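# Commentary on secondary and tertiary structure
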Amino acid sequence: MIVFPLFLVYGVAHAEWIYPVKVKHIGTFSSGEVMFDTDGTPSSVCNYQGYRFKLDVNQKGWKNMLSTLLAAQLTGRVLGIGYTVSSVPGTDYTNGCTTSNMAVVTIIIMY
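Here's what I pulled together on the structure shown here. (Residues numbered from 1 in each chain as written. Predicted model: local features only at pLDDT ≥ 70, side-chain atom pairs only at ≥ 80, totals over all residues. Heavy atoms only, no water.)

With that settled, the discussion passes to the pattern of salt bridges. Here the idea is simple: oppositely charged side chains can pair when their charged atoms come close. Applying the stated criterion across every chain yields a total of 2 salt bridges. Lys24 is the partner of Asp37 in a salt bridge, and the nearest nitrogen-oxygen pair spans 3.7 Å. Of this pair, Asp37 sits in strand β3 (residues 34-38) while Lys24 sits in strand β2 (residues 23-28), and the two are 13 residues apart along the sequence. Under the relative-accessibility criterion, Asp37 is labelled buried at 4%. What makes Lys24 partly exposed here is its relative accessible area of 46%. (Salt bridge = Lys/Arg side-chain N within 4 Å of Asp/Glu carboxyl O. Helix = DSSP H or I, 4+ residues; strand = E, 2+ residues; numbered from the N terminus. Buried < 20%, exposed > 50% of the residue type's maximum accessible area, 1.4 Å probe, protein only.)

What follows is the structure, encoded as structure tokens:
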């Protein structure tokens, strides 16, 4: 019941939602990119070398999202994740998925 007001207050725009999921792995790279993967089967994503989601490090809340991901991975807690649709869903790094067209996370809720 708290989820709906959060969408109204912050005006979060996301095209897809996956729940419940757990974090499988997180990668932080020297380029500044932060990518991760979850269990479950998200729709409308591509797979870049085992990562299906990325954080937009140009947005103010990306460090909070990374902290939430790390906390969820360490404690085994379940997440709900809102994200934008990849422009090349169903592809991988061998046939079109790059870091520039991956699904970008817009909200993370830990349950």
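Let us now look at the pairing of β3. By the criterion of burial, β3 is predominantly enclosed, with 5 of the 5 residues buried. Neither face of β3 is open: one carries Val34, Phe36 and Thr38, the other Met35 and Asp37, and all of them are buried. Examined bridge by bridge, β2 and β3 share 5 bridges and lie antiparallel to one another. Bridge assignment links His25 to a residue of β3, and that residue is Asp37. In this structure, the hairpin formed by β2 and β3 is closed by a connection of 5 residues, where Gly32 is found at a positive phi of approximately 100°. Sheet topology note: the β3/strand β4 (residues 53-55) ladder contains 3 bridges and is antiparallel. Within β4, the position partnered with Val34 by the bridge is Leu55. (Pairing = 2+ DSSP bridges.)

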